[in-house]
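# A structural walkthrough
The primary structure of each chain is shown beneath.
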Amino acid sequence: MDHQGQLRRAALAVGIPDDEVSRFLQHLRLSIRLSAGSSGVPVGQFGGLPRLPVGMDWPSDGVSPLPFIFSVDCAALPRVDGFGLPADGSLVFFLDHEQAAATGEQRYGRVVYVPVGTDTEVAAGPTDHPSVDKQYDVVATLRAEFPDWFGADDEDEEDDEDDDDLSPFQQQLARDLERDLPHLDELRALARDLWPPDSGYASAYLGGYADAEVIKSFAEQTLAWREKTGEIVIPAATWYSQVERETHRLTSEWVSLAHFPVENEHYYRSDASFVIRHDDLAAGRLDEALSMAELIP
């Protein structure tokens, strides 16, 4: 479905200029929300054992098998503008979130792409692993996402950002946005009507914006490397603002392949994600996806 066209037609119908709609659409991303439910066509599986190519070894970190998180049938997922998932086949996600969070090493996460037509079988895996949960199917709906500095309408108080919580750089972005989009509130309301916000527990999200803290860490690493190699010199007083600008630039290059909560009774919050560059995803280079995990006491 042409989702951008869907929003454009709705906006033009209420008199919002086309060029303003185009600018708004530059910031809109749709994510695919996966949740358990009896209504809708199943698009994936959480828990249990996945189907892997016949003869394929269960993915491991080199020593121990990696926990299976979930799998999705790409052909059953809704197609989303600008999100270059494979048109068919399946994606299978494995992650040891505790080790990933503790070490930051990529060997603790893996995405397996199984092309359509591949002979598969239910994998013989570590069924006694404490992270192996009861199997259940998930269905898909769409959710509208915007950058953190974008703000939110009055109905979306949970995600609302007070101006005082934004940095000067983000405040300038927000002011520029309001100047360029006089119908910003109406456009946000239209997006909300087309793709309502969350209702109930979500097992995972595919697509949308990558976690801001993840992209910020990439920005810090990029700038530190460029400075170390002598390509640039960043005065200490401007380091933070340079990181913000680099984060803003990298946000357009990266997309969240998957983001999901992980169970851990010892932490207040635990989240995990796989992120990938748009170019790598479009080219089918799924082995370039990076796994991230965060455990907050």
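Owing to the predicted nature of the structure, the values given are computational and were not obtained by experimental measurement.

### Some thoughts on the overall build of the protein chain
Helices and strands together make up the secondary structure of the protein chain, namely eight helices and twelve strands. Within the protein chain, buried positions represent 43% of all 297 residues. In the protein chain, once contacts between residues fewer than 6 apart in sequence are set aside, the share between residues at least 24 apart is 73%. In the structure as shown, the protein chain presents an accessible area of about 15800 Å², 48% of it carried by carbon and sulfur atoms.

### Some details on the packing of helix 6 (residues 212-228) against helix 7 (residues 239-251)
At a closest axis distance of 8 Å, the pairing of helix 6 and helix 7 adopts a crossing angle of 115°. The hand of the helix 6/helix 7 crossing is right-handed. Two secondary-structure elements touch here, helix 6 through Ala212, Ile215, Lys216, Phe218, Ala219, Glu220, Thr222, Leu223, Ala224 and Glu227 and helix 7 through Trp239, Tyr240, Gln242, Val243, Glu246, Thr247, Leu250 and Thr251. Partitioned by chemical class, the residues of the contact of helix 6 with helix 7 number ten nonpolar, four polar and four charged.

### Some words on the packing of helix 1 (residues 3-13) against helix 2 (residues 18-25)
Orientation of helix 1 relative to helix 2, taken along the N-to-C sense of each, is 145°, at an axis distance of 10 Å. Crossing of helix 1 against helix 2: the hand is right-handed. In contact with Gln4, Leu7, Arg8, Ala11 and Leu12 of helix 1, helix 2 contributes Asp18, Val21, Ser22, Phe24 and Leu25.

### Let's talk about helix 6
Between its first and last C-alpha atoms helix 6 spans 24 Å; for 17 residues at 1.5 Å apiece the expected length is 24 Å, and the two agree. One side-chain oxygen of the residue at the start of helix 6 lies 2.9 Å from the amide nitrogen of Glu213, identifying that residue as Asp211. Residue Gly230 follows helix 6 closely and has a positive phi angle near 85°.

### Comments concerning helix 1
Within helix 1, the full set of buried residues consists of His3, Gly5, Leu7 and Ala11. Just downstream of helix 1, Gly15 is the residue with a positive phi angle, here 90°.

### Side note on the pattern of salt bridges
Within this structure, the stated rule accounts for twelve salt bridges. When the shortest N-O distance is used, the salt bridge between Asp180 and Arg179 registers 3.0 Å. A relative accessible area of 29% places Asp180 in the partly exposed class. Judged by its relative accessible area of 57%, Arg179 falls in the exposed class. Close ionic contact of Glu253 with Arg277 constitutes a salt bridge, the shortest N to O distance being 2.6 Å. In this pair, Glu253 is assigned in the loop between helix 7 and strand 10 (254-261) and Arg277 in strand 11 (residues 269-277), connecting sequence segments 24 residues apart. On the basis of relative accessibility, which here comes to 25%, the residue Glu253 falls in the partly exposed class. A relative accessible area of 33% means that Arg277 is categorised as partly exposed. One connected set of salt bridges, linked through shared partners, spans Glu246, Arg249, Glu253 and Arg277.

Conventions used here
- Residues numbered from 1 in each chain as written.
- Predicted model: local features only at pLDDT ≥ 70, side-chain atom pairs only at ≥ 80, totals over all residues.
- Heavy atoms only, no water.
- Helix = DSSP H or I, 4+ residues; strand = E, 2+ residues; numbered from the N terminus.
- Buried < 20%, exposed > 50% of the residue type's maximum accessible area, 1.4 Å probe, protein only.
- Contact = heavy atoms within 4.5 Å.
- Areas by Shrake-Rupley, 256 points an atom, 1.4 Å probe, with all protein chains shown as cover.
- Axes fitted to C-alpha atoms, helices over the stretch in contact; angles between N-to-C directions.
- Left-handed = near helix turned anticlockwise from the far one by under 90°.
- Nonpolar A, V, L, I, M, F, W, Y, C, P; charged D, E, K, R; others polar.
- Expected span 1.5 Å × (residues − 1).
- Polar contact = N/O pair within 3.5 Å; in protein donor to acceptor, adjacent residues only side chain to side chain.
- Salt bridge = Lys/Arg side-chain N within 4 Å of Asp/Glu carboxyl O.

It is worth stressing that arrangement in space is one thing and function is another; only the former is reported here.
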